[in-house]
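Letter by letter, the chains look like this.
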Amino acid sequence: MLPEKMLALGKKRSAIREIFEYGKKRAKEIGADKVFDFSIGNPNVPAPACVKEAMLDLVNNEDAVLLHSYTSAPGITEVREKIAEYINARFGTKFTADHLYMTSGASSGLMICAKAMLLPGEEVITFAPYFSEYRVYMESAGGKLVVLPADLKHFQIDTEAFEAAVNKNTKAVIINSPNNPSGAIYSAETITKLSDILRRKEKEFGHTIYIIADEPYRELVYDDIEVPFIPNFYNNTVVCYSYSKSLSLPGERIGYIAVSPDMDEWQEMYAAICGAGRACGYVCASSFFQLLVAKCVDKISDISIYKKNRDILYDGLVKLGYTCVHPDGAFYLFVKALEPDSNAFCEQAKKHEILLVAGDEFGCPGYVRISYCVRTDQIENSLSAFAALAEDYK
Ligand code: PLP
């Protein structure tokens, strides 16, 4: 007998993976250039030059044994120091190596935080549209994910609904900005309101409520818009950062957890994170990629390509009559489906070889997600298919 929950997770592929696999099959049948696959958030911009340079430098000059050794569980001290210095210079904070824990991307950071924080049955609030793996991580840690409905007007946070939802069982809130799938960036005003509510609720219920800031898209921002750095608004914050998108290294699995130096009893939280990492069997993040990111700490991939894609796609779709959230960051466009059932709309889109993800996957039915981290010519060529799709609904 095997655990039902694990069997269910393993047997049911995520809807995004399902569409992605269909896209690969379809490309073999009719040719890749005829399939407009917008399903998955795999960066298509290559890693910046510093990544290759750092790789060669490490292979040629680093001690060959050390390069591939186990590191201490939270990560190499000098790497964490380098990252802490960078964060402090950028955000005026006081992180040290002792506040940072190197992880295999934001996913394992989220799982570790869930395990480090949650007692059985405690609640974690998040806001639709949201990254559906949150449910997997929070529930695996024995918690309960509470999803609040989307603010369909601005794709910010409905702070009144939030205030009403926080209760004595609330242990944490996950925020993801820039957001997958909406591309929205939560404003300083939104974060201030959210933080004020949390401080009030902490007093009312007499316990700490944490913010988990899920930040794989922090660097993917267009048009000079500021992404508020949450620890500067709310002390009880942990940041789950990732180099998957910022350095186009999703397959290499590298990121970190940063525990705010201003958190109440941050040493306890850090110890629980170390314990959770151990309990998950993570051992340590890749030694090679820890050393690599320390060398590329202030670099990012060429995001001008995403901006170009966003502009062509957004302008093109709006001209065709689609309603989209204007995305300020990440590489997703969230578009209102042309019929109430977004799954049915995705099926209709498939007839034009357009592969989209239904908003239901993100707790936001009636919308679809387009990942525009694809070749620009795919976007240009897809517009006539989007036009034909719109015609189907006239
Ligand atoms: N959080 C969000 C919102 C994401 O979209 C993703 C990946 O697409 C992740 C976390 C996990 O990213 P990774 O584990 O590659 O850092």
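Quick summary incoming for the structure in this document. Bear in mind that the values here come from a model prediction, so they are computed numbers and not experimental data.

1. A closer look at helix α10 (residues 266–279)
Reasoning step 1: Relative to the 20 Å expected for 14 residues at 1.5 Å per residue, α10 spans 20 Å between its end C-alpha atoms, a close match to the ideal helical length.
Reasoning step 2: Of all the positions in α10, only Trp266, Met269, Tyr270, Ile273, Ala276 and Gly277 are classed as buried. On an axial view of α10, the arc spanned by its buried residues comes to 120 degrees, and they lie on one face. Turned more than 90 degrees from where α10 packs its buried face, Glu268, Arg278 and Ala279 sit exposed.
Reasoning step 3: The secondary structure elements touched by the buried residues of α10 are α5 (77–91), β2 (100–103), α6 (105–117), β6 (210–215), β7 (237–242) and β8 (255–259).

2. Side note on the sheet that holds strand β11 (residues 357–358)
Reasoning step 1: Strand order across the open sheet formed by three strands is β9-β12-β11, with antiparallel pairing between neighbours. Two strands close off the open sheet at either side, each with one partner strand: β9 (332–336) and β11.
Reasoning step 2: Pairing of β9 with strand β12 (residues 367–371) involves five bridges; the strand directions are antiparallel. Its bridge partner being in β12, Phe334 is matched across the sheet by Arg369.

3. Side note on helix α2 (residues 15–30)
Reasoning step 1: Spanning 16 residues, α2 covers 22 Å between terminal C-alpha atoms, matching the ideal 22 Å at 1.5 Å per step.
Reasoning step 2: By the burial criterion, the buried members of α2 are Ile16, Ile19, Phe20, Gly23 and Arg26. Along the long axis of α2, the arc covered by the buried residues comes to 125 degrees, so they all point the same way.
Reasoning step 3: For α2, the elements touching its buried residues are β1 (36–37), β10 (354–355), β11 and β12.
Reasoning step 4: Once α2 finishes, Gly31 follows within two positions and takes phi at roughly 100 degrees, a positive value.

4. Thoughts on the site of the ligand
Reasoning step 1: The full set close to the ligand counts 14 residues, and Ser107, Asp214, Tyr217, Ser242 and Ser244 are the nearest of them.
Reasoning step 2: Within the side chain of Tyr217, an N or O atom sits 2.7 Å from an oxygen atom of the ligand.
Reasoning step 3: Ser244 places a polar side-chain atom, nitrogen or oxygen, 2.7 Å from an oxygen atom of the ligand.
Reasoning step 4: When the ligand is considered free in solution it has 400 Å² of accessible area, and contact with the protein chains removes 91% of it.
Reasoning step 5: If one sorts the elements of the shell around the ligand by residue count, α6 sits on top with three residues.
Reasoning step 6: Here the shell around the ligand is composed, by residue class, of five nonpolar, six polar and three charged.

5. A look at the state of the cysteines
Reasoning step 1: Counted by the stated rule, this structure contains zero disulfides.
Reasoning step 2: Cysteine Cys240 shares no disulfide, and the gap to the nearest cysteine sulfur, in Cys113, comes to 3.8 Å.
Reasoning step 3: Unpaired in this structure, Cys284 has its nearest cysteine sulfur neighbour in Cys274, at a distance of 13 Å.

6. Some remarks on the sheet that holds β6
Reasoning step 1: Read from one edge to the other, the open sheet built from seven strands follows the order β2-β8-β7-β6-β5-β3-β4, with strand pairing classed as mixed. Looking at which strands have only one partner, the edges of the open sheet turn out to be β2 and β4 (144–148). Ignoring strand direction, the axes of neighbouring strands in this sheet form an average angle of 20 degrees.
Reasoning step 2: As paired elements, strand β5 (residues 170–176) and β6 share five bridges and run parallel to each other. Note on β6: the bridge partner recorded for Ala172 is Tyr210.
Reasoning step 3: Contacting β2 and β8, α5 crosses the sheet at an angle of about 115 degrees to β2.
Reasoning step 4: Packing of helix α7 (residues 133–140) onto the sheet brings it into contact with β3 (123–127), β4, β5 and β6, and relative to β4 it is tilted by some 145 degrees.

7. Considerations on the nonpolar core
Reasoning step 1: Ile83, Phe127, Phe162, Ile175, Tyr256 and Leu292 are the most contacted members of the largest nonpolar core, which has 52 residues in total.
Reasoning step 2: Residues in contact with Leu292, not counting those within four places in the same chain, are Val51, Ala54, Met55, Leu58 and Leu249.
Reasoning step 3: Core analysis: the second largest hydrophobic core is formed by 36 residues, Tyr222, Leu356, Ala358 and Leu383 among them.

So, how was this worked out
- The residue count restarts for each chain, going from 1 along the sequence in the order it is written.
- With the structure being a predicted model, the display of local features is reserved for residues of pLDDT at least 70 and the display and counting of side-chain atom pairs for 80 or more, all residues being used for whole-chain, interface and lining totals.
- Only heavy atoms go into the side-chain values, all of them from the structure, while hydrogens and water stay out.
- Helical segments are the DSSP runs of H or I of at least four residues, strand segments are the runs of E of at least two, and each set is numbered from the N terminus.
- What a helix is expected to span follows from its residue count: subtract one and scale by 1.5 Å.
- Here's how the labels work: a residue is buried when its accessible area is under 20% of the maximum for its type, exposed when over 50%, partly exposed in between, all with a 1.4 Å probe on protein chains only.
- Directions are taken from the helix axis to each C-beta atom, and the arc is the one they span.
- Residue contacts are counted whenever heavy atoms from the two residues lie within 4.5 Å of one another.
- Should DSSP find at least two bridges between two strands, the strands are regarded as paired.
- The near set for a molecule or strand comprises every residue that places at least one heavy atom within 4 Å of it.
- We call two N or O atoms a polar contact when they sit within 3.5 Å, provided that within protein one can donate a hydrogen and the other can accept it, with sequence-adjacent residues counted only if both atoms are side-chain atoms.
- Note on areas: Shrake-Rupley with a 1.4 Å probe; residue coverage comes only from the protein chains shown.
- Under this grouping Gly is polar, as are all residues other than the nonpolar Ala, Val, Leu, Ile, Met, Phe, Trp, Tyr, Cys and Pro and the charged Asp, Glu, Lys and Arg.
- What counts as a disulfide here is a pair of cysteine sulfur atoms lying within 2.5 Å.
- Throughout, an axis means a line fitted to C-alpha atoms (over the contacting stretch in the case of helices), and angles, computed between N-to-C directions, take values from 0 to 180 degrees.
- Among buried residues, the Ala, Val, Leu, Ile, Met, Phe, Trp, Tyr and Cys ones that are joined through side-chain atoms within 4.5 Å form a nonpolar core.

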